[in-house]
Each structure stands twice: as C-alpha cells, then as structure tokens.
Amino acid sequence: CEMTRRNGHPGGSAGCVFATVGTTRFDELVEALDSKAVQEALWARGFRKLTVQRGKSESEPAQRSGLDVEVYAFKPSLAPDMQQATLVISHAGAGCIMESLRMGKRLIVVANDSLMDNHQMQLASAMRNAGYVAVATPATLANVIAACTDELLTKLPPLDPKAMLIEMSSLQLPGIKWHINGIK
C-alpha cells in the first residue's frame, strides 16, 4: 500500500486502513464505514485506501470520498491486511484487538453498543484506560478518527510465557497435576 501524506507526496504516517467485524454481523460498523463522514475523516487524516472485512453484514461500503475502497466478507487470514495497514478499525473482539496490538498497529476499537450484555464495551474501555486503543461507537467513529494522533498508543508488553505458566500452575483443577519444570 502506497503511503501518502495529505499533500499527496509519498511517505508519511498515513496510508491504508483495515476495518474488520470478524466473523460476526455488525451492520452499524459497516454502515459507518460506508458513510461520507467517516471516509472524509480518513481522507483528511491522509489515508488513501480503506479495506473492509464485512463478515456476515450485507452492507457493502462504496467509495464516498477520494478513498480507494475494497470490501470482502471473509478470507482465511486477516493478518496480511492487518500487516499492510497503518490504522486498524476493529470490532471489540479480543482476538482482533490482541492481534492488531501485537503487530504494533494504531487501533480504534468500535464496540457494538446495541448488545444487551455489553462485554465489548467493557473490554474496549479497559484497553482504552490502559492506553492501548482509542474507542468509538459507530455513531462517534468519524469524530474519533479526526481526533486520533499519528503516534502509537502504549505498546503491549512482550509476551511472557513463564508468567502464564505460573498462573496456570496455581489453578486447582480436579484431576490435573501441574508439572512445570522450574515453577513451584
């Protein structure tokens, strides 16, 4: 994906946006991505390409600004699109959030605020409070895009498998005896 600044010269901090709803149906997010307000906010930030993974949603965003818009339902892996992106806009699924952050991507998490038990908003809020992500709803997405900086938020600490193993070994599960070398 060619990286461009607002003035159109190569280089800079903007370029491609990848938006994903995962395997679910999140029509409100897909429709927000189809809106002129969101696409113009992306264009104003210097983005020139928007790739949308729409999942089970039937809406299919069209070009409403100068952005090149590509849409698909599913692919075997979202990783190549995430890797190519400068900004990821994602539903609040834990897997997508963690994959984007592990890749060092700027991330806007869009919680589905129409859910009854809104665990998505709880996860998104916790990640925002820790400084890892920006959070939006479909209705506030254009404003959040406009307010985002080009800087990465707080980076995730490196994975520590030993800490996970220690935590697992502390679990008292019936019939399971943990034998992890060097961990008591």
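Scroll up to find the structure this text is about.
Residues numbered from 1 in each chain as written. Predicted model: local features only at pLDDT ≥ 70, side-chain atom pairs only at ≥ 80, totals over all residues. Heavy atoms only, no water.

1. Concerning the sheet that holds strand β3 (residues 68-72)
Right, so step 1: Spatial ordering of the open sheet is given by β3-β2-β1-β4-β5-β6, a layout of six strands whose pairing is parallel. The outermost strands of the open sheet, each flanked by one partner alone, are β3 and β6 (134-136). This sheet shows a mean twist of 20° between the axes of neighbouring strands, independent of strand direction. (Pairing = 2+ DSSP bridges. Helix = DSSP H or I, 4+ residues; strand = E, 2+ residues; numbered from the N terminus. Axes fitted to C-alpha atoms, helices over the stretch in contact; angles between N-to-C directions.)

2. Section: the nonpolar core
Right, so step 1: Counting 27 residues, the largest nonpolar core has L33, L42, I89, I108 and L141 as its most contacted members.
Right, so step 2: Residue assignment for this core shows that the elements contributing at least two residues are β1 (16-20), α1 (27-33), α2 (36-44), β2 (49-53), β4 (87-91), β5 (106-110), β6 and α6 (141-147).
Right, so step 3: Sequence-distant contacts of L42, that is, excluding residues within four places in its chain, are made with V17, F47, L50, L67, L87, I89 and I145.
Right, so step 4: Among the nonpolar cores identified, the runner-up in size contains 19 residues, and Y72, L107, Y132 and V135 belong to it. (Core = buried A, V, L, I, M, F, W, Y, C linked by side-chain atoms within 4.5 Å. Buried < 20%, exposed > 50% of the residue type's maximum accessible area, 1.4 Å probe, protein only. Contact = heavy atoms within 4.5 Å.)

3. Quick notes on the packing of aromatic side chains
Note on aromatic pairs: each is described by the distance of the centres and the angle between the planes.
Right, so step 1: In the structure shown here, the tally under the stated rule is zero aromatic pairs.
Right, so step 2: The ring of W43 is capped by R48, whose NZ or CZ atom sits 3.5 Å from the centre of that ring.
Right, so step 3: The ring of Y72 carries K75 above its face, with NZ or CZ at 4.3 Å from the centroid. (Phe/Tyr/Trp six-rings, centres within 6.5 Å; stacked < 30°, edge-to-face > 60°. Lys NZ or Arg CZ within 6 Å of the ring centre and 35° of its normal.)

4. A look at the pattern of salt bridges
Right, so step 1: Enumeration according to the criterion identifies seven salt bridges in this entry.
Right, so step 2: One salt bridge connects E40 with K36, and the closest N-O pair in it is separated by 3.8 Å. Here E40 and its partner K36 are both found in helix α2, four residues apart, which amounts to about one turn of the helix.
Right, so step 3: The class of E40 is partly exposed, set by a relative accessible area of 39%.
Right, so step 4: Between R54 and E60 there is a salt bridge, with its nearest N and O atoms 3.7 Å apart. (Salt bridge = Lys/Arg side-chain N within 4 Å of Asp/Glu carboxyl O.)

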